[in-house]
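# Topology and contacts: notes
Listed here are the chains, written in short residue letters.
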Amino acid sequence: MLEIRDLHAAINGKEILRGINLSVKPGEIHAIMGPNGSGKSTLSSVLVGNPVFEVTKGNVTFCGKDLLDLSAEDRSHEGIFLSFQYPVEIPGVSMVNFMRAAINEQRKYRGLSPISASEFLKLMREKRAVVELDNKLANRSVNEGFSGGEKKRNEIFQMAMLEPKLSILDETDSGLDIDALRIVAEGVNKLKSPDNSCIVITHYQRLLDYIKPDVVHVLYDGRIVKTAGPELALELEEKGYDWIKKEIGE
Amino acid sequence: MSVEQQYIDLYAQCEAMICTHSSEILNSARARAFADFKRLGFPTRKQEDYKYTDISKCFVPDYGLNLNRLPIPVDPYEVFKCDVPNMSTSLFFVVNDSFYKKALPKSHLPEGVIFGSLKDVSEERPELIAKYYGQLADTSKDGVTAFNTTFVQDGVVLYVPKNVVVEKPIQLVNILRGDVNFMMNRRILIILEEGAQARLLICDHAMDHVNFLATQVVEIYAGENTVFDMYELEETHTSTVRLSNIYAKQEASSHLLLNNMTLHNGITRNTTEVTLAGPGAETHLYGMAIADKNQHVDNHTFIDHAVPDCESKELFKYVLDDHAVGAFAGIVLVRPGAQHTNAQQTNRNLCVTRDARMYTQPQLEIYADDVKCSHGATIGQLDENALFYMRARGISAKEARLLLMFAFVNEVIDTIRLDALKDRLHLLVEKRFRGELNKCQGCAICK
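For the structure shown, the criterion picks out 20 aromatic pairs over all chains. Each ring, one from F37 of chain B and one from F42 of chain B, has its centre 5.0 Å from the other, and the planes form 65°; the classification is edge-to-face. Like F37 of chain B, the residue F42 of chain B is buried in the burial classification. Ring plane angle 35° and centroid distance 4.8 Å describe the contact between F316 of chain B and F328 of chain B, whose orientation is recorded as tilted. In this pair, F316 of chain B sits in strand β15 (residues 311–320) while F328 of chain B sits in strand β16 (residues 325–334), placing the two residues 12 residues apart along the sequence. The pair formed by F316 of chain B and F328 of chain B is uniform in burial state, with each residue classed as buried. Each residue in the set Y7, Y11, F34, F37, F42, F59, F147 and F151 of chain B is aromatic and connected to the rest through ring pairs, giving one cluster. Above the face of the W243 of chain A ring, K239 of chain A is positioned so that its terminal group lies 4.7 Å from the ring centre. Directly above the ring of Y50 of chain B sits R269 of chain B, whose terminal nitrogen or CZ lies 4.0 Å from the centroid.

We now examine the layout of surface pockets. Residues and elements named next belong to chain B. Its volume calculated, the largest pocket comes out at about 570 Å³. Around the largest pocket sit 23 residues that line it, and D138, K141, Y247, E273 and F302 are the ones nearest its centre. Broken down by secondary-structure element, the contributors of at least two residues to the lining of the largest pocket are β10 (240–250), β12 (267–276) and β14 (296–305). In terms of residue count, the dominant contributor to the lining of the largest pocket is β12 (five residues). When its residues are assigned to classes, the lining of the largest pocket shows eight nonpolar, five polar and 10 charged.

This brings us to the interface of chain A and chain B. Listed by partner, the interface residues are 28 residues for chain A and 17 residues for chain B. Taking both sides of the interface into account, the surface hidden between chain A and chain B amounts to around 1800 Å²; carbon and sulfur atoms contribute 66%. Ranking the residues of chain A by area buried against chain B places E73, F84 and E105 of chain A at the top, with a combined share of 27%. For R393 of chain B, the salt bridge goes to E155 of chain A, with nearest N and O atoms at 2.7 Å. Along the contact surface separating chain A from chain B lie 11 residue pairs in polar contact (both at pLDDT 80 or more). At the level of elements, α2 (72–78), β6 (80–83), β7 (90–94), α3 (95–109) and α6 (148–162) of chain A are the ones that each hand at least two residues to the side of chain A that touches chain B.

It is worth spelling out the side chain of H237 of chain B at this point. Note on placement: H237 of chain B falls in the loop between β9 (227–235) and β10. Excluding its chain neighbours within four sequence positions, the residues that come into contact with H237 of chain B are A206, D208, H209, V210, F212, H264, N265 and G266 of chain B.

Procedures and definitions
- Every chain's residues receive numbers from 1 upward, in the order its sequence appears when written.
- To read the labels, note that chains go from A and ligands from 1, taken in the order they are written.
- Predicted model: local features are reported for residues with pLDDT of at least 70 only, side-chain atom pairs are reported and counted for 80 or more only, and whole-chain, interface and lining totals are derived from all residues.
- Side-chain metrics rest on all non-hydrogen atoms present in the structure, leaving aside hydrogens and water.
- Stacked, edge-to-face and tilted labels apply to pairs of Phe, Tyr and Trp rings (six-membered ring for Trp) whose centres lie within 6.5 Å, assigned for plane angles under 30 degrees, over 60, and everything in between, in that order.
- Exposure classes here rest on a 1.4 Å probe applied to the protein chains alone. A residue is buried below 20% of its type maximum, exposed above 50%, and partly exposed in between.
- Each helix corresponds to a stretch of at least 4 residues labelled H or I by DSSP, and each strand to a stretch of at least 2 residues labelled E; elements are numbered beginning at the N terminus.
- Only when the NZ atom of a Lys or the CZ atom of an Arg is both within 6 Å of the ring centre and within 35 degrees of the ring normal do we say a charge sits over the ring.
- The method works on a 1 Å grid over the protein atoms by themselves. A cavity is a set of points holding a 1.4 Å probe that cannot get out, a pocket is an open set with protein on both sides within 12 Å along at least five of seven lines, and residues with an atom within 4 Å of a point line them.
- Grid points are joined across faces, edges and corners, and a volume is the space filled by probe spheres set on the points.
- For this scheme, ten residues count as nonpolar: Ala, Val, Leu, Ile, Met, Phe, Trp, Tyr, Cys and Pro. Four count as charged, namely Asp, Glu, Lys and Arg, and the remainder, Gly too, count as polar.
- Here, residues are in contact when the closest pair of their heavy atoms is within 4.5 Å.
- By definition, the buried area sums, over both parts, the 1.4 Å-probe accessible area that each loses when the two are put together.
- In what follows, salt bridge is the name for a side-chain nitrogen of Lys or Arg lying within 4 Å of a carboxyl oxygen of Asp or Glu.
- Counting of polar contacts relies on pairs of N or O atoms within 3.5 Å, with two restrictions inside protein: one atom must be capable of donating a hydrogen and the other of accepting it, and residues adjacent in sequence are counted only when both atoms are side-chain atoms.

Written out as structure tokens, the structure reads:
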């Protein structure tokens, strides 16, 4: 589904990603862990086409298409979704209008007619239930005045609405209390299918107790330095990252 | 020859003709206004209050004037398709600067309420009009007001007697019509006696593709405990100059809302002066401007807190695209002794391109010590983070920008207290941002 080959990316001339190789197959869940500043969020930003970052080398294919050739909006239409680490507040744009625009643009891309008002409301209601998002929030401006937990739940709600093939959860667990974490993780699990995949970026084992990864990668200094099964996450939780740094000779 | 000279000559030659086709009350104010105009001339950018708009330059081209009051061959009820339908208003027209009298609709106005030609009403009810006409619009201070008072021949009166509530909104459509470049000078006089209530929507439409210059002077007398809303919607074209001066005086516990929306224009200057003359009076000034190409919108407001315990609230928002220029100057004067004044002023602006320019100038003069006054002005661009967030959800860059701009001006539209107008404006603004409102929408002739 996703093939990343020797990906290099920079911001303001400073190289952050220094040769990422990653392959994600349908139905897989990959966890990416690593110390602060290792390039985890940069990787997710580059995958969804944030114009702040410049790809300097390498290529990425998604379902057979050259991903780096697509605009941010077309990557979304093709089925990539990023749950933002810091969801953006958009005062004055209601969640309803925002979601309707997103759904309709996706439908347009796929050659479908715009969704009817009643169908749309039904869809909203149904998907809201996945993350127990209050109707009141759905009627407010996008993320405006939402608590940290509500913002993250809202991200998963949007994921439920857009039904992506590949979801990237960028530190979705940060700033969540235990209950919110459980709701968010259960939401992600409900949306799981054998056809869609997930990349979970996290610092902690805690989230992985709920969302069970098939593969765990350690990202360090812009490269994936270790890849193993779920047991790696436990080991990291216990021992930290120093032993990996030693292992790779730093 | 100065810009003024051709108009000074014109008046000297045509004074008799102008007076013949107007009323005694309007004529009686001319001599003084003319003297003031000769002394003041048109405002130039050298004057602080007109720093951002060169009015004088607007008068340089040659315009035709209809001083002989020849009937303009147009039936507005036929050609005008209202841009705000389903609103169920009492609809009236001013064609150029004449009140349209033929085929007046059956009046839905409550008994005693007058809405009609300023010329006619000032002949039928001279005692009423003489008491108010020209009392607020001081010709000795402003060249445009002096010019308008010199040349004006007709316009509109709204009179609401004591304690009468006009439930149905009144709509006045100013139609600019001409085969050659044309100038019109119109006048609006609004009198609300104690306890009266009314709502007025004024729309400006330019029907022909010639150059228009319209001056407008509005005087509003809001008696004690009155409630008055006035919405102005400009949808003209890029060869139109609109110079509007509004003067309002509010007595105790009156409530005034003025909302001026520039949807499409050429050069626009709106001056609004409100005097809060009785305790407990409340004024709300709102405005919105959407401009692109070389459009120019200048709103100048002056709120005079003359007595204690009054409230004023101002909110103006501009979205400027291409090479558009916007200006906002807001003066709030709190006079000595005007304690417990509560004044709020906000001006927020979006410059969508690097070439768009916005000038904003909040100005508070406070001579009382127990008051609450605030002001805020910002000029910025669309939020890049918000744009990317929307694009990451599949919303195209174009659509995302549109949603953000729409959200930005929505705050002003939401102050409208006429639901049908509010709904309609949502639609018009969306069309405007999508570039589908390039010309006046309301006239069948434009289609």
